[in-house]
Amino acid sequence: MSPAHPFPIPTQMYLNNKYVDAKSSKRLTIVNPFDETVVTTEVQCAGPEDIDIAVANAQAAFKGPWSTYTGTQRAKVLNKFADLLEENANEFSYLDAICMGMPVAINSTLMVPGAAQVFRYYAGWADKIAGESYNPDDGLVKIVRHAPLGVCVGIAPWNFPVTYAGLKIAPALAAGNSYIHKSSEKSPLSSIAIGRLVEQAGFPAGVLQFVTGDGETGAALASHMKIDMVSFTGSTTTGRAVSNLASKSNMKRVTLELGGKSAALVFEDADIPNAVGQVSDGFLFNSGQVCVAMSRLFVQETIVDGFVAAVKERFDVINKITGLDPRKPTTMYGPLANKDHFNRVMKYVEIGKKTAEVGYGASQKGTKGYFVTPTIFLNPSVDNPIRSEEIFGPVLVINTFKTVEEAVALANDTDTGLAASLYTSDLTRALTVAPKLEAGSVSINVGFFPNMNVPFGGFKQSGSGKELGKDGLMEYMNTQSIVINMNMPTKPKL
């Protein structure tokens, strides 16, 4: 443990229920986005040989001890793992704060407990994976059964490290698979640290393993011939690459949760205080680094002036408490995750200034760390990239609409379709508009955030497959049909 940190800084991989050094000599450097100090230069990257070892461990576990566990036994270790996650929430939150800037106050009270709840939710499913049977009215008994795939892999994004560990690991293990988790190279520390909970929870060796590395490690996983499934969350560009590698190797199953440019529609009859809070405070959660952030805001013309003024007021309040150390228990808004991402967001800010009115912010916050002021752009031209491209930062773009039809058309004018929201006091309008929005998830009078009870996944170029809910469990299973001829003559007994 470094004197500068209250918790150890983990750097190894976790394979077969122990921490081991990578065969590869490649290393990652982690920089604290709050003050730009180096946290470590020694996070180990898994190379092809390391991946082969991890896969062999996972295969042995899947075919060996893990295959003998009943659903009730799987549920027991999943529930124990959930308890251990919560017990160590402060440690994992601290590690995320120093490598990607999420405030400890948010992570330890919301995100880590939320991930634990996902484990408990899927623990509840572990002994309830039912099949089906059909009457033999045609002389055939038909049985449908669901079975685990085998060795599954999750490649997680950097913005919610512990959350995505829950979304991917829990359903895979509840279904009876073995699993290898690769964290983002930009936020690997909490995932490495979680590894030590595996044996404590009671998982046999090889069932759950953690590797670290950059895109080369991800490519080695996506293209591995003995991996049965890969679940990826990240950019659309990288998602295409993962899908191509999976297809060109062994045609492994792939689920993709990719980018979005989600829209919020505010109608003139909306509850204004509620809508203002959701599209400002809700949008700026995790400094706008959220895949379902409603970064396109469309406001009905009749209320736009007052509504925009109210949103600016909230942005101003939040700006005054931006720039603080995410390790402090009172900090609610952290920096952007790393220098490259900060530069990317600032590039979009400068692009936005070319054809849009600056409503608020649009500058770096302070001189230390990777902070950007909460930013509002008003009425950018149709061809301005800030209107159509995912920025993944605290940059809100506001336009207006006149009619319901125009609002729907504007919301759907995007290549992606991860989420959408709308604000109105007219229930008929809400239930009429929601199905017309080309998004995998739609929320009404509340900002959208994935809920463990219902499936989460996008339309169009926002990906394929689902996470969460029963659908998320079934992504990790093969479906087999068995047909029995009941009209065979009975052989006489000898």
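Residues numbered from 1 in each chain as written. Predicted model: local features only at pLDDT ≥ 70, side-chain atom pairs only at ≥ 80, totals over all residues. Heavy atoms only, no water.

A few words on the layout of surface pockets. Estimates place the volume of the largest pocket at around 1,200 Å³. G234, S235, T236, T237 and E390 are, among the 49 residues lining the largest pocket, the residues nearest its centre. Counting only elements with at least two residues in the lining of the largest pocket, the list comes to α8 (215-222), β10 (229-233), α9 (236-248), β13 (296-300) and α12 (339-355). Ranked by residue count, the leading element in the lining of the largest pocket is α9, at seven residues. Among the residues making up the lining of the largest pocket, the classes are represented as 17 nonpolar, 17 polar and 15 charged. (1 Å grid on protein atoms, 1.4 Å probe; cavity = no way out; pocket = protein on both sides within 12 Å on 5 of 7 lines; lining within 4 Å. Points joined across faces, edges and corners; volume = space filled by probe spheres on them. Helix = DSSP H or I, 4+ residues; strand = E, 2+ residues; numbered from the N terminus. Nonpolar A, V, L, I, M, F, W, Y, C, P; charged D, E, K, R; others polar.)

Strand-to-strand pairing in sheets goes through backbone hydrogen bonds, with the strands running parallel or antiparallel. Read from one edge of the open sheet, seven strands run β14-β15-β16-β13-β12-β18-β19, paired in mixed fashion. The sheet is open, and its two edges are formed by β14 (357-360) and β19 (441-444), each paired on a single side. Here the average twist between neighbouring strands, direction ignored, is 25°. Two strands pair when backbone bridges link them, and strand β12 (residues 263-266) and β13 are joined in this way by four bridges, in the parallel orientation. What sits directly across from A264, in β13, is L297. Across the sheet, helix α10 (residues 272-282) lies against β12, β13, β16 (395-401) and β18 (419-423), angled at about 160° from β18, the strand it touches most. (Pairing = 2+ DSSP bridges. Axes fitted to C-alpha atoms, helices over the stretch in contact; angles between N-to-C directions. Contact = heavy atoms within 4.5 Å.)

Next up on the list: the nonpolar core. The biggest cluster of nonpolar side chains holds 102 residues, and the ones touching the most others in it are F81, L85, L173, F203, L297 and F307. Among the elements that take part in this core, helix α4 (residues 104-125) stands out by supplying ten residues, more than any other. Core analysis: the next-biggest nonpolar cluster, separate from the first, contains 25 residues, V55, F232, L256 and L258 among them. (Core = buried A, V, L, I, M, F, W, Y, C linked by side-chain atoms within 4.5 Å. Buried < 20%, exposed > 50% of the residue type's maximum accessible area, 1.4 Å probe, protein only.)

For the rest of this paragraph, the subject is the packing of helix α2 (residues 71-87) against helix α5 (residues 161-174). Their axes nearest at 10 Å, the elements α2 and α5 cross at an angle of 170°. Classified by the angle their axes make, α2 and α5 are roughly antiparallel. For the element pair α2 and α5, the recorded crossing hand is right-handed. Of the residues in α5, those in contact with R74, L78 and L85 of α2 are V162, A170, L173 and A174. Looking at the contact of α2 with α5 residue by residue, the classes come out as six nonpolar, no polar and one charged. (Parallel < 35°, antiparallel > 145°, perpendicular 65-115°, else oblique. Left-handed = near helix turned anticlockwise from the far one by under 90°.)

For the rest of this paragraph, the subject is the packing of aromatic side chains. Tallied over the full model, the rule gives 15 aromatic pairs. Aromatic side chains Y14 and Y19 sit 5.0 Å apart centroid to centroid with 75° between the ring planes, which places their arrangement in the edge-to-face category. Each member of the aromatic cluster is reached from another via a ring pair, and the members are W66, Y69, F81, F119 and F203. (Phe/Tyr/Trp six-rings, centres within 6.5 Å; stacked < 30°, edge-to-face > 60°.)

Moving on: the side chain of D50. Locating D50 in the fold gives a position in helix α1 (residues 48-63). Salt bridges are absent for the buried D50, whose nearest opposite-charge side chain, K23, sits at 6.2 Å. If sequence neighbours within four positions are ignored, D50 has contacts with M13, L15, D21, A22, K23, S24 and C45. (Lys, Arg positive; Asp, Glu negative; His and termini not counted. Salt bridge = Lys/Arg side-chain N within 4 Å of Asp/Glu carboxyl O.)

The three strands are arranged β5-β6-β22 in an open sheet whose pairing can be described as antiparallel. Unpaired on one side and paired on the other, β5 (132-134) and β22 (477-485) mark the two borders of the sheet. Ignoring which end each strand starts from, the neighbouring axes of this sheet average 15° apart.

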